[in-house]
Amino acid sequence: MRHIFILLLTLTIASCAPTFQLKQTGHSSMWNSYSVATSEYINELKTDKSVMWTQDGPILERVEFWAPISDGGKLPFIFIAGNEERAETFRSDMTPEEIVELVRNGFSLTPSTPTFIGNLQPAPFGNKQGYLIDLNLSSKDGSDFKGNLLFATINGKLMAVFFAARETHYYEARRPYFDSVVQSIKVSGDA
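So, here's what we can say about the structure.

Conventions used here
- Residues numbered from 1 in each chain as written.
- Predicted model: local features only at pLDDT ≥ 70, side-chain atom pairs only at ≥ 80, totals over all residues.
- Heavy atoms only, no water.
- Pairing = 2+ DSSP bridges.
- Helix = DSSP H or I, 4+ residues; strand = E, 2+ residues; numbered from the N terminus.
- Contact = heavy atoms within 4.5 Å.
- Axes fitted to C-alpha atoms, helices over the stretch in contact; angles between N-to-C directions.
- Phe/Tyr/Trp six-rings, centres within 6.5 Å; stacked < 30°, edge-to-face > 60°.
- Polar contact = N/O pair within 3.5 Å; in protein donor to acceptor, adjacent residues only side chain to side chain.

1. A short note on the sheet that holds strand β2 (residues 26-30)
Moving on, step 1. Pairing is antiparallel in the open sheet, where 3 strands are placed in the order β2-β3-β11. Pairing within the sheet leaves two strands with one partner each, and these edge strands are β2 and β11 (186-187).
Moving on, step 2. Of the pairings in the sheet, the one linking β2 to strand β3 (residues 34-38) comprises 5 bridges and is antiparallel in character. Looking across to β3, one finds that glycine 26 is bridged to threonine 38.

What follows is the structure, encoded as structure tokens:
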């Protein structure tokens with residue numbers, strides 16, 4: 001009887017865990033705020049805080065679409081135990097430079113160590129004004145990641161698309177895909 005209970009518990013837990021689905025090429029709506037397109041079949045993982053696309057697996061490369069963050073919301077990071085309370089919150093009146101600091105603070109409270117976050121530059125988020133920053137992250141196991149974050153404040157909410165990949169091969173190989181996804185953004189009328 002004990003073995004059956006353990007088996008049922010394991011199956012219940014496994015059925016609740018989010019799983020990757022194969023996504024076909026084409027457009028996808030992100031929280032009815034904007035749409036993006038993928039030009040290749042991609043593995044997709046949806047949670048309530050983000051949608052992740054990856055070709056080679058999230059430990060090698062990924063593009064994440066963060067759910068829109070309202071005033072008082074936190075970035076969708078997996079914080080080290082006890083650090084979530086220390087994370088700063090988004091304010092709709094933040095300048096782009098303040099959002100960069102919000103991102104830097106957030107990453108500093110995760111298992112990844114930010115080694116560089118900067119190079120803020122204007123970049124379109126669909127037909128809206130957005131900003132792009134470069135990121136370098138290092139994990140405790142010694143893996144180094146390069147990435148980019150495209151963000152914009154639209155109707156008082158922070159919209160963001162995050163790209164991270166292992167240096168150097170995966171970053172160089174997958175950066176054109178990230179660029180094509182960013183170029184495909186179309187902001188909804190009621191964003």
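2. Structural notes on the side chain of serine 50
Moving on, step 1. With respect to the helices, strands and loops of the structure, serine 50 is situated in strand β5 (residues 50-54).
Moving on, step 2. Setting aside residues no more than four positions away along its own chain, serine 50 makes contact with Trp31, Leu45, Phe65, Trp66 and Ala67.

3. Structural notes on the sheet that holds strand β7 (residues 113-125)
Moving on, step 1. Spatially, the 8 strands line up as an open sheet ordered β1-β4-β5-β6-β10-β9-β8-β7, and their pairing is antiparallel. Edge positions in the sheet fall to β1 (21-23) and β7, since each of these pairs with one other strand and no more. Each strand axis lies, on average, 25° off the axis of its neighbour in the sheet, ignoring direction.
Moving on, step 2. Two elements, strand β4 (residues 42-46) and β5, share 4 bridges in a ladder whose sense is antiparallel. Note on β5: the bridge partner recorded for leucine 45 is methionine 52.
Moving on, step 3. The strands that helix α2 (residues 96-108) touches are β7, β8 (128-138), β9 (144-154) and β10 (157-166); relative to β7, the one it contacts most, it runs at about 145°.

4. Brief notes about the packing of aromatic side chains
Moving on, step 1. Inspection of the entire model under this criterion finds 10 aromatic pairs.
Moving on, step 2. Put simply, the rings of Trp66, Phe77, Phe79, Phe107 and Phe162 pair up and form one aromatic cluster.

5. A few points about the environment of threonine 54
Moving on, step 1. Within the element layout of this structure, threonine 54 appears in strand β5.
Moving on, step 2. Apart from residues no more than four positions distant in its own chain, threonine 54 is found in contact with Phe20, Ile42, Asn43, Glu61 and Arg62.
Moving on, step 3. Here the side chain of threonine 54 touches aspartate 56 through a polar contact of 3.5 Å, landing on its backbone nitrogen.
Moving on, step 4. Among the polar contacts listed, one links the side chain of threonine 54 to the backbone oxygen of glutamate 61, at a separation of 2.6 Å.

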